[in-house]
Amino acid sequence: MTATFFSLISLFVSCFILFLGNGLMNVLLPVRMGLDGISTDWIGLVQSLYYVGLLLGAIYSKNLIMRAGHIRMFAGCVSLGGVSMLICSLFADAAVWGGMRLVLGFCNACAFTAMESWLSDASTKETRGKVLAVYNAVVLAGLFIGQFFMNIASPETTTLFVIAGVLLSLSVIPVVMSRHKGPVVEDASSMSLRALFKISPLGVVSCLISGLIYSAAFNLLPVFAKEYDIVDFQLSLYMGAAILGAFLLQFPVGYLSDRFDRRTVLLCLLALSAASCIAVNLLALMGMTWAVFLATAITCGIIACTYPISISEAFDKLRQNEMVAAMGSMILAFSVGGVLGPYTASLAMQVFGNNALFYFLAVIQTLLALFVLYRMQVREALPVEDQENFVMQGAGMSAAVDLDPRTEYIESEIPLSAEAETVISVAQHDPVAAVKMAQAITLSDPTKGVELAGAVAEIEGVDVFNLYEVMKQVIPFQILDVTNAIVTTRPELATELVAKLAEWYPDQVVSIAAEIGRTFPERRMEMARAAAEAAPETAIEVAEYYAQVFADEREALRPADRVDDTSEEDAVNVVSELWDVAPDQALDMAATMVDAVPETAVSVAEEYMASDLIEAALEVSQSLKTSSGSSLEQLENAYQQQVDLVSRLAEVAPEQAVDVAVAVVEAEPESAAAVAAEIASGFGDSEQECEDTDVADKASDVMTSETDDSDVASYESSVELVSRLVEVAPEQAMDVAVAVVEADPDSAADVAAEMAGNIAESEYDTAEETDTSAETDREAASDTLNDTSEHEAAVELVQRLSEAAPDNAMDVAVAVVESIPEAASDVVDAISAGDEAKDEEWMNSLDDKPES
């Protein structure tokens, strides 16, 4: 960062001097017009023309830079701006001053564009945010100090106009004397204001209003100050307080904006600012000068913060690759507000008096607050953790779009060296000679090797693999950088180059393949497979690397970008590619990927079940099902691979456990019981861990017959598991229920109730489907419910669950009878053959059911 700052010191010096002149002119012109007796509405009109010039300059500045270059355009426009100030000293005419104000706005906009694009080109992704902060500090420092130049001479003379012109002329010198060349300016696409409004209505309206109130406040403050006899040095202090407030309040406002709902923060700030506006006039009438200064600083500080909050609000709703394009529309909205602000405020001041400025500001901010309230009602707030960070912006200048750390970073192209251009020229005529020349230059200067490899590889006709081998011999210690450089220009050769690299340096294959996959996301699957094929023992390492990449990318993903996110699909594709290369490590790789990206658990399970990995196991299970001598234990062994898959994925993604189980059972319904037992055992283990944490609490619960929250969660999970698996494997319903109850006996009653409910619904649905008569009524359906099959199913359910959880047998029977009252007698008959003591207890319990 220090090196970057010192390389830009000349630009910062020019920027500081430029804003010294502008800070002086911003105060001088309205004061001078007031002294000359020009009406307030004319003062507002002249000040508004400055923003017209800013708007025109923002539109045409890039074309001028492309035509003349940064330095010449900057020098020419700043010099013209100085001339406009000097012309103002020759004529005391509002029309002339208005025209010169327009010219100055145009020149400043062009200068801002040149400086900001220069700063952007000199910054990296890591330093651009800090560079933007320094730039804003320099701008505000220049504006703040420039106010005090008003005390050098009387504003009634031409001296201050001359000083302002001289300052602008001086600001050219540090830049033109610099050895730096200006960067190449690339034209950026823009988003229409209408399109941006559809995405973020509040962002656009806030930008418009912020431009209106900012330009009105800072351009007409001298007129307001004169009304209360705040002149000369006091005026400089007053304007300085306003600018200082605009700088200092960005820190607490930014802090609050990032930690609370941004719209709520904006609403509170607008209310505070409107109250401060009213207070300014009241305090001024009371003669409390310093209190007026403080209230003005608060109001102007909040007004200055409205613009960066507006940008942050819009960015919350935009994709990252849309931010730069949308920024043009936000600048347009701010500029339109800037054009309207001084003139509309001056009209109000002309009618109601110059002290009406702050009343005007209070009314406008109140209207914006009402719109914020409306937007809060019609659109849900974004979670605070998903909000974009607040970034300080100087509202009085064009936004430094490329310096904003929230926007998508596009690395600037580094110009080719003279050696690279020479080799490219030779390669176009003799590719073989170009490779030899690249070899000779690299031997002489190894630092040129990577650049030459990438440049030569791009030329058609060059034998890239020969070039690769040559570079490997000359600079073997930079072979990874050489590989990356060649792949950047010839990505279609990535797989072959990685295969070559595997022959030479098998221990470096994973790192280079991973780096290529990071640089070219569309080649991740290809690179993962290439690395694993070159060194199968590294398959887990490759899976771990890509799993971390996907996890990091998802964590950094913005809400608006999630619509286009393919990381889940990419994760599944990568692990699928690795399975084909190292099938014996498939479960470990699946668990690794799901551990990093839990949302992929179901997709990974589905992909696994659809792959060749499970085909042999499915064939075994199918043969066992058709064999009459197959035992349940044999079938469970055949399903062990499915069970292992569910177990591993449920372990790393417990919240997805039931969904994983459903995905596996959908592919192989006969594995439902084994899978259910595995998942339910996890519920039981979790419940046991919760109980063991505090024995005293457990004893207390038993004494009071209260159910712990963890028990409730366990029962609900077991019931959900049964319900979901029965939907996809209805023929295995009874086995699923038994397996779950065996693993989690305390859930027996809940599972019985769920199953009994399914039996009742199934019988009722069957009755409706089988009766095709149009006159069938509810009574006929009720008669059907007494069918023997329903009762047999209820009895079987009670018997099997009672065997699985004998301690909960009574609860199971009660739960079944509550769902199927008509089966009560059959249930009693079935269990009456058991222990007589238990029969009596069951009978007493069942007698409480009136339907029985």
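The residue numbers shown here count from 1 along each chain, following its written sequence. Residues qualify for local features only when their pLDDT is at least 70, as the model is predicted, and side-chain atom pairs are given and counted only at 80 or more; totals for whole chains, interfaces and linings, by contrast, use all residues. To get the side-chain values, all heavy atoms of the structure are used, and hydrogens and water are removed first.

1. Describing the overall build of the protein chain
- Across its full length, the protein chain carries 42 helices and zero strands.
- Buried residues are those whose accessible area, probed at 1.4 Å on protein chains only, stays under 20% of the maximum for their type, while exposed residues exceed 50% and partly exposed ones sit between those limits. Within the span of the protein chain, comprising 852 residues, buried residues form 51% of the whole.
- For the protein chain, the proportion of contacts with a sequence separation of at least 24, taken over those separated by at least 6, is 79%.
- Residue burial considers only the protein chains on display, and all accessible areas are found by Shrake-Rupley using a 1.4 Å probe. Carbon and sulfur atoms provide 55% of the accessible area of the protein chain, an area that totals close to 38,000 Å². Helix numbers and strand numbers start at the N terminus; a helix is a DSSP run of H or I with at least 4 residues, a strand a run of E with at least 2. The contact rule is simple, with two residues in contact once any of their heavy atoms fall within 4.5 Å.

2. A word on the packing of helix 22 (residues 494-504) against helix 23 (residues 509-519)
- Here helix 22 crosses helix 23 at 165°, and the two axes come no closer than 10 Å. By the angle class used here, helix 22 and helix 23 are roughly antiparallel. Crossing handedness for the pair helix 22 and helix 23: right-handed. For the pair helix 22 and helix 23, contact is made by Ala494, Val498, Leu501 and Ala502 and by Val509, Ile512, Ala513 and Ile516, respectively.
- Counted by class, the contact of helix 22 with helix 23 contains eight nonpolar, no polar and no charged residues. Only the stretch in contact is used when fitting a helix axis, every axis being a line fitted to C-alpha atoms; angles between N-to-C directions are given from 0 to 180 degrees. Should an angle fall under 35 degrees it is called roughly parallel, over 145 degrees roughly antiparallel, and 65 to 115 degrees roughly perpendicular, with every other angle called oblique. Each crossing gets its hand from how the near helix is turned against the far one by less than a right angle, where anticlockwise is left-handed and clockwise is right-handed. Classes in brief: Ala, Val, Leu, Ile, Met, Phe, Trp, Tyr, Cys and Pro nonpolar; Asp, Glu, Lys and Arg charged; the others, Gly included, polar.

3. Description of the pattern of salt bridges
- Put simply, a salt bridge is a Lys or Arg side-chain nitrogen that is within 4 Å of an Asp or Glu carboxyl oxygen. Overall, the coordinates contain eight salt bridges when judged by the stated rule.
- As a salt-bridge pair, arginine 648 and aspartate 588 come within 2.9 Å of each other at their nearest N and O atoms. Of this pair, arginine 648 sits in helix 31 (residues 640-652) while aspartate 588 sits in helix 27 (residues 586-596), and the two are 60 residues apart along the sequence.
- Relative accessible area serves as the criterion here: at 28%, arginine 648 is assigned to the partly exposed category.
- Given the relative accessible area of 34%, aspartate 588 is considered partly exposed.

4. Notes on the environment of alanine 813
- Along the chain, alanine 813 turns up in helix 40 (residues 809-819).
- In the structure, alanine 813 is positioned 60 residues away from alanine 753 in sequence and 9.2 Å away in space, judged by C-alpha atoms.
- Setting aside anything within four residues of it in sequence, one finds alanine 813 in contact with Val798 and Val827.

5. Section: the nonpolar core
- Nonpolar cores are built from buried Ala, Val, Leu, Ile, Met, Phe, Trp, Tyr and Cys residues. Side-chain atoms within 4.5 Å join them into one set. Ranked by size, the top nonpolar core spans 131 residues in total, and within it Tyr238 and Leu361 carry the most contacts.
- Beyond its immediate sequence surroundings of up to four residues, tyrosine 238 is in contact with Leu221, Phe224, Ala225, Ile230, Val280, Val292, Phe293, Thr296 and Phe358.
- Ala434, Ala531, Ala590 and Ile820 belong to the second-largest nonpolar core, a separate cluster that totals 128 residues.

6. With respect to helix 12 (residues 250-259)
- Along helix 12, the residues classified as buried are Gln250, Val253, Gly254 and Ser257. Within helix 12, the buried residues cover an arc of 100° as seen down the axis, which keeps them to one side.
- Buried residues along helix 12 sit against helix 11 (232-248), helix 13 (262-285) and helix 14 (289-317). Arc definition: it is the arc formed by the directions from the helix axis to the C-beta atoms.

7. A look at unusual backbone geometry
- Of note in the backbone geometry, aspartate 229 takes a positive phi value of approximately 60° without being a glycine.
- Secondary-structure assignment places aspartate 229 in the loop between helix 10 (201-227) and helix 11.
- Relative accessible area serves as the criterion here: at 57%, aspartate 229 is assigned to the exposed category.

8. Quick word on the packing of aromatic side chains
- Pairing of aromatic side chains here covers Phe, Tyr and the six-membered ring of Trp, requires ring centres within 6.5 Å, and sorts the geometry by plane angle: under 30 degrees stacked, over 60 edge-to-face, intermediate tilted. Under the counting rule described, the total for this entry stands at 14 aromatic pairs.
- For the ring pair phenylalanine 247 and phenylalanine 251, a centre distance of 5.4 Å and an interplane angle of 85° mean the geometry is edge-to-face.
- Arranged with centres 5.1 Å apart and planes meeting at 65°, the rings of tryptophan 290 and phenylalanine 293 form a pair that is edge-to-face. Taken together, the residues span about one helical turn, with tryptophan 290 and phenylalanine 293 both in helix 14 at a distance of three residues.

9. Structural notes on a nonpolar patch on the surface
- For patches, a residue must show more than 30% relative accessible area and have no salt bridge; joins then use 9 Å for like charges and 5 Å for nonpolar side chains, namely Val, Leu, Ile, Met, Phe, Trp and Tyr. Together, Leu86, Val162, Val166, Leu170, Ile173, Val176 and Met177 make up a nonpolar patch on the protein surface, roughly 580 Å² of accessible area in all.
- For the nonpolar patch, the secondary structure elements donating two or more residues are helix 7 (159-170) and helix 8 (172-176).
- Tallying contributions element by element places helix 7 first for the nonpolar patch, with three residues.
- As for its placement among the helices and strands, methionine 177 is situated in the loop between helix 8 and helix 9 (193-199).

10. Remarks on helix 7
- In a helix, the anticipated span is given by 1.5 Å times the number of residues less one. With twelve residues, helix 7 extends 16 Å from end C-alpha to end C-alpha; this agrees with the ideal 16 Å at 1.5 Å per step.
- Buried residues of helix 7: Leu160, Phe161, Ile163, Ala164, Gly165, Leu167 and Leu168, and no others.

11. A short note on the packing of helix 25 (residues 539-555) against helix 26 (residues 567-581)
- Axis separation between helix 25 and helix 26 bottoms out at 10 Å; the angle between their running directions is 180°. It follows from the interaxial angle that helix 25 and helix 26 lie roughly antiparallel. Every residue of helix 26 that contacts helix 25 at Ala539, Val542, Ala543, Tyr546, Phe550 and Arg554 is listed here: Ser567, Glu568, Asp570, Ala571, Val574 and Leu578.
- Across the contact of helix 25 with helix 26, the residue classes tally to eight nonpolar, one polar and three charged.

12. Observations regarding the side chain of threonine 306
- Relative to the elements of secondary structure, threonine 306 occurs in helix 14.
- Beyond its immediate chain neighbours, meaning those up to four positions away, threonine 306 contacts Ser206, Ser210, Ile213, Leu266 and Leu368.

13. Some remarks on the environment of tyrosine 374
- Along the chain, tyrosine 374 falls in helix 16 (residues 357-378).
- Spatially, the C-alpha atoms of tyrosine 374 and leucine 202 are 9.6 Å apart, while their sequence positions differ by 172 residues.

14. Some details on the side chain of serine 48
- Mapped onto the elements, serine 48 comes out in helix 3 (residues 40-68).
- Given the relative accessible area of 3%, serine 48 is considered buried.
- A polar side-chain atom of serine 48 sits 2.8 Å from the main-chain carbonyl oxygen of valine 339.
- For serine 48, the residues in contact, after removing those within four places along its chain, are Gly338, Val339, Pro342 and Tyr343. What qualifies as a polar contact is a pair of N or O atoms within 3.5 Å, subject to a donor-acceptor requirement within protein and to the restriction that residues adjacent in sequence count only when both atoms come from side chains.

15. Some remarks on the environment of leucine 208
- Secondary-structure assignment places leucine 208 in helix 10.
- As a C-alpha pair, leucine 208 and leucine 340 span 132 residues in sequence and 9.5 Å in three-dimensional space.
- When residues no more than four places from it in sequence are discounted, the contact partners of leucine 208 are Ala333, Val336 and Gly337.

16. Remarks on the confidence of the model for the protein chain
- Predicted confidence across the protein chain gives a mean pLDDT of 78, with 81% of residues reaching 70 or more.
- The score called pLDDT rates the predictor's confidence residue by residue, from a low of 0 to a high of 100. Here residues 689-712 is modelled with pLDDT under 50, and outside its nearest four sequence neighbours on either side it reaches eight contacts, counting other chains as well.

17. Topic: the state of the cysteines
- When the sulfur atoms of two cysteines come within 2.5 Å, that pair is taken as a disulfide. One pass over the full model with this rule turns up zero disulfides.
- Sulfur of cysteine 77: no disulfide; nearest cysteine sulfur belongs to cysteine 110 and is 3.9 Å away.

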